[in-house]
Amino acid sequence: METFVQHARGLTARIAERSEERETYGRLAAGQSPLALFITCSDSRVIPSLITGAQPGELFELRTAGNAVPEYQEGMAASSEAATIEYAMRVLRVADIVVCGHSHCGAVGAKIRGEDLTGAPAVRDWLAQQLSDALPKDEEPSVAAAVQQHVREQLDRLRRYPCVQERLDAGEVKLHGWFYEVHTGLVAAHQPATDLFLPL
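Here the structure is a predicted model, which is why all the values come from computation and not from measurement. (Residues numbered from 1 in each chain as written. Predicted model: local features only at pLDDT ≥ 70, side-chain atom pairs only at ≥ 80, totals over all residues. Heavy atoms only, no water.)

K.L.:
Even after reading the chapter, I still don't get the environment of Ala 77, so can you show me in this structure?
P.N.:
Within the fold, Ala 77 resides in the loop between strand E2 (59–64) and helix H4 (80–90). Relative accessible area serves as the criterion here: at 61%, Ala 77 is assigned to the exposed category. Along the primary structure Ala 77 and Leu 175 are separated by 98 residues, whereas in three dimensions their C-alpha atoms are 24 Å apart. (Helix = DSSP H or I, 4+ residues; strand = E, 2+ residues; numbered from the N terminus. Buried < 20%, exposed > 50% of the residue type's maximum accessible area, 1.4 Å probe, protein only.)

K.L.:
What is the right way to look at the sheet that holds E2 in this model?
P.N.:
In any sheet, the strands associate via hydrogen bonds between backbone groups, in a parallel or an antiparallel arrangement. Taken in spatial order, the six strands line up as E2-E1-E3-E4-E5-E6 in an open sheet, and their pairing is mixed. Across the chains shown, the open sheet's two edge strands, defined by having one partner strand only, are E2 and strand E6 (196–199). Across the sheet, the mean angle separating the axes of adjacent strands is 30 degrees when strand polarity is ignored. Bridging between strand E1 (residues 36–41) and E2 involves six bridges; their strand directions are parallel. Looking at the pairing, Phe 38 lines up with Glu 61 of E2. Contacting E1, E2 and strand E3 (96–102), H4 runs over the sheet at an angle of about 165 degrees to E2. (Pairing = 2+ DSSP bridges. Axes fitted to C-alpha atoms, helices over the stretch in contact; angles between N-to-C directions. Contact = heavy atoms within 4.5 Å.)

K.L.:
Explain the pattern of salt bridges here, please?
P.N.:
It is possible for side chains of opposite charge to pair when their charged atoms get near one another. Taken as a whole, this structure holds 12 salt bridges when the rule is applied. A salt bridge links Glu 86 to Arg 90; its shortest N-O distance comes to 3.6 Å. Of this pair, Glu 86 and Arg 90 both sit in helix H4, separated by four residues, roughly a single helical turn. When the shortest N-O distance is used, the salt bridge between Glu 166 and Arg 90 registers 2.8 Å. In this pair, Glu 166 sits in helix H8 (residues 162–169) while Arg 90 sits in helix H4, placing the two residues 76 residues apart along the sequence. (Salt bridge = Lys/Arg side-chain N within 4 Å of Asp/Glu carboxyl O.)

K.L.:
Help me understand H4 in this model?
P.N.:
Residue pairs three or four apart in sequence face the same way in an α-helix, which turns once every 3.6 residues. When we look at burial in H4, the residues that qualify are Glu 81, Ala 82, Thr 84, Ile 85, Ala 88 and Met 89. Looking straight down H4, one finds that the buried residues subtend no more than 165 degrees of arc, so they occupy a single side. Buried residues belonging to H4 abut E1, E2, E3, helix H6 (121–130), helix H7 (144–159) and H8. (Arc of directions from axis to C-beta.)

K.L.:
Please explain the nonpolar core as it appears in this structure.
P.N.:
Soluble globular proteins: nonpolar side chains tend toward being buried together. By size, the foremost hydrophobic cluster in this structure holds 39 residues, and its most contacted members are Leu 37, Ile 85, Met 89, Ile 97, Val 108 and Val 164. With five residues, the top contributor of residues to this core is H7. Apart from the residues within four sequence positions on either side, Val 164 is in contact with Ile 85, Met 89, Ile 97, Leu 158, Arg 159, Val 173 and Leu 175. Grouped together as the second largest cluster of nonpolar side chains are nine residues, Val 46, Val 98, Cys 100 and Trp 178 included. (Core = buried A, V, L, I, M, F, W, Y, C linked by side-chain atoms within 4.5 Å.)

K.L.:
Help me out: how do you make sense of helix H5 (residues 106–113) in this one?
P.N.:
Within H5, six of the eight residues are buried, which leaves it mostly tucked inside the rest of the structure. Of all the residues in H5, the buried ones are Ala 107, Val 108, Gly 109, Ala 110, Lys 111 and Ile 112. The secondary structure elements touched by the buried residues of H5 are H6 and H7. Gly 114, located one to two residues past H5, shows a positive phi value of around 65 degrees.

K.L.:
Is there a simple way to think about the environment of Gln 165 in this case?
P.N.:
Along the chain, Gln 165 turns up in helix H8. Of the residues examined, Gln 165 reaches a relative accessible area of 30% and is grouped as partly exposed. A sequence separation of 76 residues divides Gln 165 from Met 89, and the C-alpha atoms of the two residues are 9.7 Å apart.

K.L.:
In this structure, what is going on with the environment of Glu 166? I would like to understand it.
P.N.:
With relative accessibility at 38%, the residue Glu 166 sits in the partly exposed group. Counting along the chain gives 76 residues from Glu 166 to Arg 90, while the straight-line C-alpha distance between them is 9.7 Å. In terms of polar contacts, Glu 166 uses its side chain to reach the side chain of Arg 90, at 2.8 Å. (Polar contact = N/O pair within 3.5 Å; in protein donor to acceptor, adjacent residues only side chain to side chain.)

K.L.:
Whenever I open this one, the pairing of strand E5 (residues 187–191) confuses me. Can you help?
P.N.:
The two faces of a sheet get side chains in turn, since along a regular strand they alternate between them. Judged by how many residues are buried, E5 sits mostly within the fold: four of five residues are covered. Across three bridges, the pairing between strand E4 (residues 174–180) and E5 is antiparallel. Looking at the pairing, Phe 179 lines up with Ala 188 of E5. Where E4 folds back onto E5 in an antiparallel hairpin, the turn is made up of six residues, including Gly 185, whose phi is positive at roughly 85 degrees. As paired elements, E5 and E6 share four bridges and run antiparallel to each other. Note on E6: the bridge partner recorded for His 190 is Phe 197. Joining the antiparallel neighbours E5 and E6 is a turn of four residues, in which Asp 195 adopts a positive phi near 60 degrees.

What follows is the structure, encoded as structure tokens:
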């Protein structure tokens, strides 16, 4: 059975042989100008470029367990998440931020079911700090209702980041909440007017 490293080695070798792809990657070396900041879960079933059709250089990605955005607090300690958001807003100046939750999310499921994560203390503490205790109980395996509420909460958290708020006030960025079904490939987008997630 081919290992991941063997697979990747073969893929990179094939790319290097194709002149048109070498040109594309050569252009990327000049810098990046992504269209959006895409915040999603670390789950291996969630592939932003597959969901969106984005090409290399089009998405600036932030992946966290449960697509959680840490709450902004004045004087908060530096974090990878906050740095990524700030860089997207003030340096790359992306025009859109997407928070994309997904069905069958292990992080949200563990939180709402109160699973024992004693053996994974970093995961336990992250979920305790970053996922709301008020998420609705959801007996469905997809935990869709809980994930969608979680996405709404992450959008609210983003609005409290000064770098996001200043761009929102200037009309320079838009926030989007998405829900991706891993079992169908369908994406639903949050509609603020109705507070519903409807097919994109």
